[in-house]
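# Report on the structure
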Amino acid sequence: MRFSGFLAVFLVWMFATEARAFDWDIQRIDGRDYVSVAKIAEFYNLPLDVAPSDRQMYLSRGGRSLTARADSRDLDINGVRYVLSFPVLDRNGKFWVSRMDLGKTIEPAFRPENVQGLKPFSLVVLDPGHGGQDKGAASPYEFEKNFALDVARRVRNELQQAGLRVFMTRNNDSFVELQDRAAMANAKQNCIFVSIHFNATDTNPDASGLEIYSITPRGSPSTEYDTLLVRDMVQEYGNANEVQSFALAHTIFHSLRGANLDMADRGVKRARFAVLRLTKMPAVLIEGGFLTNSGDAKRVASTAWRNQYAKAIARGILAYRKLVETDQAPPTMAEYRNGTASVNSAATPPPRPVATPAPAPVNSINLRDLPQ
Ligand SMILES: [Zn+2]
C-alpha cells in the first residue's frame, strides 16, 4: 500500500511535469540548435502572419509583436530593435531562430520579469566615457568626454532625487583606465553599472541614432562580428550576469525609445567592451547618438536635449529597480509614449519574501538547458 501511494504521487508529479513542458521541436542546422518562428508564435501566443514576399514574418497580439527577417540578425520585439547572435534562417519558407537567441534575447525581451537572479540594488555606478587626454569622439560643438560627464551628472541628480545612491567613476576631466573603472565598481556592493558614451564613425556621416550594449553571451559573436572568434568562448566576469545585464539594457532602452529624443533606433546590441567584461554586476554601455552626424550632434549639443536624455536614462534605471524589486515587467516603449508607464516602486506591491520562490509559469524556458 505504501509503495503504491508513492507510485500515485509519482504519476501525479509526472503528469504535472508533462503538462508544463513545451515541445520546442529543436532542430540541428549547420551544427547549431534552432527553434522555428512558428513554435515561438505558439509559445508566446502570438498569431503568425507570414509575408513571404518580403522574407519577413510578423507576429502580433494585444500590443505585443515580433518581426523576424530572413538572413538578418535584426529582430523587432514590441517595436524595439534587438540584434541577435545569429541570423534568422529561412528553410523553404520556414523561419528558424537559434536556441541561443531564444534564451538570451527573445525570452528576456518578452518576459524580463522571468529573468532569474535579478537582485535589488541601492547604488548606481555611472561611468562617463573617456576624460583627460582621451577626448573621445569629436563634434563641431564639444568632445564626447564633456558631453558624457554632463549627461552622467544629470542622471546622477535624477537618481539621487529618487533615493538611489550614485558613484561616478570620474567626476571631472580626468583620464581613468578602463580596468580601473571596472575595479572601482567591483569594490562596491549591491550596484549596477551604466557607462555613458556618444558614438562616432569615420566612414558614414549618415549613421545616427541610439544604441545600448550588454555583454555578448559566451559562445556567440558580438554584434560587430559575423563569425565566432576564440575570445567568444572565454568566460568573462560579465558573463556571470549576462541575462541580468541584458534585462537592464532592455529596460533602459525602452525608456529611451519611449522618450521624445528624436533619435533613430539602432537597437539593443552585444559587445565585449572592457567595462562590460570586467564588471561583476549588471552592466550596460549606452551610445547616445553620433557626434559625426550633423543632426545627432546638434541635438546632443542642446542642453535641453541632454536633460531629456538624462531623465530617460534615469527613468530606465528606476524601471529596472522596479523590475528587480517587484518582478513586474518594466514599461514598454509604447507604454511610455501613451503615458501609462509607471516606474515608481513604492506604488506597487511590496517585494516578494526572498524565501518564497516565484511559481513556475505554465510555459517556462529553462535557461540552464541552453549552451553556456
Ligand atoms: Zn566613447
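One can find the structure itself at the top, above this paragraph.
A quick note: this is a predicted structure, and the numbers were derived from the prediction, not measured.

### Some thoughts on the overall build of the protein chain
When you go through the protein chain residue by residue, the secondary structure sums to 10 helices and 15 strands. Counting over 372 residues, the protein chain shows a buried share of 51%. Counting contacts in the protein chain only where the partners sit at least 6 residues apart, residues at least 24 apart contribute 70% of the total.

### Concerning the pairing of strand β11 (residues 165–168)
Side chains of β11 alternate between two faces, with V166 and M168 buried and R165 and F167 left unburied. Handedness of the strand β10 (residues 123–128)-helix α4 (residues 144–161)-β11 crossover: right-handed.

### Details of unusual backbone geometry
Look at D262: it is not a glycine, yet its phi comes out positive at around 55 degrees. Looking at the secondary structure, you find D262 in the loop between α6 (242–258) and β14 (265–271). Positive phi values are uncommon outside glycine, yet D327 reaches one of about 60 degrees. Relative to the assigned elements, D327 resides in the loop between α9 (303–326) and α10 (333–337). Accessibility expressed as a relative area gives 28% for D327, which makes it partly exposed.

### A few points about the nonpolar core
Counting residues in hydrophobic clusters, the biggest one holds 79 residues, and the most contacted among them are I106, V155, L256, Y309 and I317. Ranked by the residues each element gives to this core, the list is headed by α9, at 12 residues. Setting aside residues no more than four positions away along its own chain, I317 makes contact with F121, V124, V155, L159, L164, I192, V194 and I252. Listed in part, the 13 residues of the second largest apolar core include L123, C191, A283 and L285.

### Description of the coordination of the zinc ion
With distances of 2.0 to 2.1 Å, the protein atoms coordinating the zinc ion are H130 (NE2), E144 (OE) and H197 (ND1). On the primary sequence, the residues serving as donors to the zinc ion are separated as H-x13-E-x52-H. With H130 in the loop between β10 and α4 and E144 in helix α4, the pair connects residues that are 14 residues apart, well separated along the chain.

About the thresholds
Residues numbered from 1 in each chain as written. Predicted model: local features only at pLDDT ≥ 70, side-chain atom pairs only at ≥ 80, totals over all residues. Heavy atoms only, no water. Helix = DSSP H or I, 4+ residues; strand = E, 2+ residues; numbered from the N terminus. Buried < 20%, exposed > 50% of the residue type's maximum accessible area, 1.4 Å probe, protein only. Contact = heavy atoms within 4.5 Å. Right-handed = clockwise from strand over helix to strand, strands pointing away. Core = buried A, V, L, I, M, F, W, Y, C linked by side-chain atoms within 4.5 Å. Donors = N, O, S within 2.8 Å, 3.2 Å for Na, K, Ca; no water.

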